[in-house]
Amino acid sequence: MLNSFLNKYKFAFTYPCPRKLREIVKMSLFERESKDQVISLWMEYHKEKQHNVAYIVSKDEYEILKRNTKESPLFLLPIKRKGGHFQLIGQSQTNSILFTFLEEYKKSGSFSTPYFILTIFDELLASKQLALIRGDIMDYKIDKDEATFLTNQFLKFYMTPELYEKYIYTLNHKQHEFNYDDFRNHFQI
């Protein structure tokens with residue numbers, strides 16, 4: 001059932017948040033800072049923002065993430081919430097990963113609304129050997145704790161070879177072998 005929806009639809013959203021790092025920071029000032037200072041500034045800037053989460057990955061981690069999101073663009077995640085759980089589905093598009101509720105995706109396909117968008121900013125790879133990641137919560141359907149969990153799990157599943165092969169690669173390339181119950185049990189749901 002899930003397989004038919006995944007094969008039938010692709011996301012096609014207009015992008016409602018920054019796509020370039022210069023839309024968030026003054027690049028000339030940011031590039032003058034040390035690597036450690038960039039990390040500190042990026043994390044501190046987003047710390048108190050209720051609708052954003054921030055992460056940083058090394059150049060090596062970025063290369064793994066980039067390769068794996070290109071090879072396997074779909075991501076599924078059950079998230080616990082009081083009284084049960086809900087499922088988000090995400091699709092990688094270049095340096096962005098757009099997430100919506102699986103039920104909405106089943107109904108609306110490419111017309112689904114994105115509720116969370118991760119953007120990977122790679123402008124500092126050459127100079128600082130790092131990529132900055134920002135998550136934007138859209139339409140307040142998920143909270144910052146859920147967005148933090150989602151981002152942590154997304155990065156973990158795409159950058160841990162065993163998890164990537166067992167779940168992400170299988171979901172994208174061998175859907176008939178994808179064991180959803182095992183996947184859900186991984187999250188103790």
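Each chain has its residues counted from 1, running along the sequence as written. Totals for whole chains, interfaces and linings use every residue, but because this is a predicted model, local features are given only for residues with pLDDT of at least 70 and side-chain atom pairs only at 80 or more, for both listing and counting. No hydrogens and no water enter the side-chain calculation; it runs on all heavy atoms of the structure.

1. Looking at the overall build of the protein
Phase 1 of the analysis: A tally of regular secondary structure across the protein gives nine helices and six strands.
Phase 2 of the analysis: Our radius of gyration is a C-alpha quantity, and the globule rule it is checked against amounts to 2.2 Å times the number of residues to the power 0.38. Against the compact-globule benchmark of 16 Å for 189 residues, the protein has a radius of gyration of 17 Å, which places it among compact chains.
Phase 3 of the analysis: Reported as C-alpha extents along the three principal axes, the dimensions of the protein are approximately 50 × 30 × 30 Å.
Phase 4 of the analysis: Only protein chains enter the accessibility calculation, which uses a 1.4 Å probe. A residue is then buried if its area is under 20% of the maximum for its type, exposed if over 50%, and partly exposed in between. With 189 residues in all, the protein has 49% of them scored as buried.
Phase 5 of the analysis: In what follows, residue pairs with any heavy atoms lying within 4.5 Å of each other are defined as contacts. Across the protein, contacts joining residues at least 24 apart in sequence account for 65% of those joining residues at least 6 apart.
Phase 6 of the analysis: Accessibility throughout is a Shrake-Rupley quantity obtained with a 1.4 Å probe, and a residue counts as covered only by protein chains that appear here. Put simply, the protein shows about 9900 Å² of open surface, and 48% of that area lies on carbon and sulfur atoms.
Phase 7 of the analysis: For the protein, the distance from the average site of its 27 positive side-chain charges to the average site of its 24 negative ones is 3 Å. Counting from the N terminus, the helices are the DSSP runs of H or I reaching at least four residues and the strands are the DSSP runs of E reaching at least two. Only four residue types enter the charge count: Lys and Arg as positive, Asp and Glu as negative, with His and the chain ends excluded. Throughout, a charge is located at the NZ atom of Lys, the CZ atom of Arg, the CG atom of Asp or the CD atom of Glu.

2. Here we look at helix H8 (residues 161–173)
Phase 1 of the analysis: With 13 residues, H8 should cover 18 Å at 1.5 Å per step; its first-to-last C-alpha distance of 16 Å lies more than 12% under that length.
Phase 2 of the analysis: Taken together, the buried positions of H8 are Leu 163, Tyr 164, Tyr 167, Ile 168, Thr 170, Leu 171 and Asn 172. In this analysis, the expected span of each helix is defined as 1.5 Å times one less than the number of residues it contains.

3. Overview of unusual backbone geometry
Phase 1 of the analysis: Even without glycine at this site, Gln 129 takes up a positive phi of about 60 degrees.
Phase 2 of the analysis: Among the structural elements, Gln 129 can be located in the loop between helix H6 (125–128) and strand S6 (130–137).

4. Things to note about the side chain of Ser 72
Phase 1 of the analysis: Examined against the element boundaries, Ser 72 turns out to sit in the loop between helix H4 (59–71) and strand S2 (74–81).
Phase 2 of the analysis: A relative accessible area of 0% places Ser 72 in the buried class.

5. Some details on the environment of His 51
Phase 1 of the analysis: Relative to the helices and strands, His 51 is located in the loop between helix H3 (35–47) and strand S1 (52–58).
Phase 2 of the analysis: On the accessibility criterion, His 51 (35% relative accessible area) is partly exposed.
Phase 3 of the analysis: For the pair His 51 and Ile 137, spaced 86 residues apart in sequence, the C-alpha to C-alpha distance is 5.0 Å.
Phase 4 of the analysis: Setting aside residues up to four positions removed in sequence, His 51 forms contacts with Gly 135, Asp 136, Ile 137 and Tyr 140.

6. Describing the packing of H4 against helix H7 (residues 144–159)
Phase 1 of the analysis: Axis angles are defined between N-to-C directions and span 0 to 180 degrees, where every axis is a line fitted to C-alpha atoms and, for a helix, only to the segment in contact. One can describe the packing of H4 onto H7 by two numbers: an axis separation of 9 Å at closest approach and a directional angle of 85 degrees. Classed by the angle they form, the pair H4 and H7 counts as roughly perpendicular. Contacts between H4 and H7 involve Glu 61, Ile 64, Leu 65, Asn 68 and Thr 69 on the former and, on the latter, Phe 154, Leu 155, Tyr 158 and Met 159.
Phase 2 of the analysis: Throughout this entry, Asp, Glu, Lys and Arg are counted as charged residues, while Ala, Val, Leu, Ile, Met, Phe, Trp, Tyr, Cys and Pro are counted as nonpolar. The remaining residues, Gly among them, count as polar. By residue class, the composition of the contact of H4 with H7 is six nonpolar, two polar and one charged. Note that the term roughly parallel is reserved for angles under 35 degrees, roughly antiparallel for angles over 145, roughly perpendicular for angles of 65 to 115, and oblique for everything else.

7. A few points about the pattern of salt bridges
Two side chains bearing opposite charge may form a pair once their charged atoms approach each other closely.
Phase 1 of the analysis: What makes a salt bridge here is a side-chain nitrogen of Lys or Arg within 4 Å of a carboxyl oxygen of Asp or Glu, nothing more. Taken as a whole and judged by the stated rule, the model has five salt bridges.
Phase 2 of the analysis: Between Lys 106 and Glu 103 there is a salt bridge; the shortest N-O distance is 3.5 Å. With Lys 106 and Glu 103 both in helix H5 (residues 102–108) and three residues apart, the pair spans about one turn of that helix.
Phase 3 of the analysis: Residue Arg 184 is joined to Asp 181 by a salt bridge in which the shortest nitrogen-to-oxygen separation is 3.8 Å. Remark: Asp 181 and Arg 184 occur in helix H9 (residues 180–186); sequence separation between them is three residues, near one turn of the helix.
Phase 4 of the analysis: Looking at Asp 181, the relative accessible area reads 44%, which means it is partly exposed.

8. A closer look at the sheet that holds S2
Within a sheet, neighbouring strands are paired by backbone hydrogen bonds and run either parallel or antiparallel to one another.
Phase 1 of the analysis: The strand order across the open sheet formed by six strands is S1-S6-S5-S4-S3-S2, and the pairing between neighbours is antiparallel. The two strands at the open ends of the sheet, each matched to only one other strand, are S1 and S2. Sheet twist, expressed as the average angle between the axes of neighbouring strands with direction ignored, equals 20 degrees.
Phase 2 of the analysis: A strand pair is defined by DSSP finding two or more bridges across the two strands. The pairing of S1 with S6 spans seven bridges and is antiparallel. Bridge pairing in S6 places Ile 56 opposite Leu 132.
Phase 3 of the analysis: Contacts between H4 and the sheet are confined to S1, strand S3 (84–93), strand S5 (116–121) and S6, with S1 contributing the most and set at about 110 degrees to the helix.
Phase 4 of the analysis: Across the sheet, H7 touches S1, S2, S3, strand S4 (96–101), S5 and S6, and the angle it forms with S2 is around 140 degrees.

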